[in-house]
Amino acid sequence: MNVELKKELPTYEEQKDFYIKLRSKITKYVDSKSGKAGKFTPYLLFAPDLFHLLVKSMFDDRLDAKSKTLIGSGILYFIAPVDILPEGLIGPGGFIDDIIVATFVVNMLINKFSPEVIEENWAGDEKLLNVLKKVSETSDTMLGKLPARSLLGRFMKTSKQAKLSKN
């Protein structure tokens, strides 16, 4: 896939600095949370690792264009200013939805390609498959805690009740 970039990519050092700064910012946030409020904060440290994995995978020649479109969608979700939990409004806790989307994308890639191909782009401290398992096991609980999910649930419940009362 030949793609012409209009702007130079940041140097490796600039990319590394961004990655380290993001991890530091999230680590400070995680360290400040405890108890119920901090239940999902350990997962937040997966955000920079998953984002890094998606970006590195975009440049992996072994992956096809269709897969790179999926990866690009995951990257766009990370950087979009408006999503279910916007980081700009609620801080690093807003990465929870991004982590869930990235996990979905990476799971799709692992189902299509060998895990070793994807793991070569992984920079996290834990093994990639362990991270994906942890996030997958917890994602339903995480999604249930999202405000948008609660609002949607209430809307559906109200709609169903209104429909029943009409009949």
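These figures come from a predicted structure and were not determined experimentally.

Chemist: Could you clarify how one ought to interpret the packing of aromatic side chains in this entry?
Modeler: Aromatic ring pairs: the centre-centre distance and the angle between the two ring planes describe each pair. Applying the stated rule across the entire model yields two aromatic pairs. For the pair Phe51 and Phe78, a centre-to-centre distance of 5.2 Å together with 65 degrees between the ring planes defines the contact as edge-to-face. Placement of Phe51 in helix H3 (residues 46–58) and of Phe78 in helix H4 (residues 65–79) is noted, with a sequence separation of 27 residues between them. What makes Phe51 buried here is its relative accessible area of 17%.

Chemist: I tried to follow H4 on my own but got confused; where do I start?
Modeler: For an α-helix, 3.6 residues make a turn, and residues three or four places apart therefore share a direction. With 15 residues, H4 should reach 21 Å at 1.5 Å per residue; the first-to-last C-alpha distance of 21 Å fits that figure. Along H4, the residues that are buried comprise Ser67, Lys68, Ile71, Gly72, Gly74, Ile75, Tyr77 and Phe78. In this structure, the buried residues of H4 make contact with H3, helix H5 (87–90) and helix H6 (95–112).

Chemist: I would appreciate a short explanation of the pattern of salt bridges in the present structure.
Modeler: Think of it this way: side chains of opposite charge can pair up when their charged atoms draw near. Taken as a whole, this structure holds six salt bridges when the rule is applied. Measuring nitrogen to oxygen at the nearest pair gives 3.0 Å for the salt bridge that ties Glu120 to Arg62. Placement of Glu120 in the loop between helix H7 (115–119) and helix H8 (128–145) and of Arg62 in the loop between H3 and H4 is noted, with a sequence separation of 58 residues between them. A residue is classified by how much of its surface remains accessible, and Glu120, at 54% relative accessible area, is exposed. For Arg62, a relative accessible area of 40% translates into the label partly exposed. Among the salt bridges present, the one from Lys134 reaches Glu126, with a minimum N-O distance of 2.8 Å. Each member of the salt-bridge network shares a partner with another, and the members are Arg23, Asp49 and Asp125.

How each quantity is defined
- Residues numbered from 1 in each chain as written.
- Predicted model: local features only at pLDDT ≥ 70, side-chain atom pairs only at ≥ 80, totals over all residues.
- Heavy atoms only, no water.
- Phe/Tyr/Trp six-rings, centres within 6.5 Å; stacked < 30°, edge-to-face > 60°.
- Helix = DSSP H or I, 4+ residues; strand = E, 2+ residues; numbered from the N terminus.
- Buried < 20%, exposed > 50% of the residue type's maximum accessible area, 1.4 Å probe, protein only.
- Expected span 1.5 Å × (residues − 1).
- Contact = heavy atoms within 4.5 Å.
- Salt bridge = Lys/Arg side-chain N within 4 Å of Asp/Glu carboxyl O.

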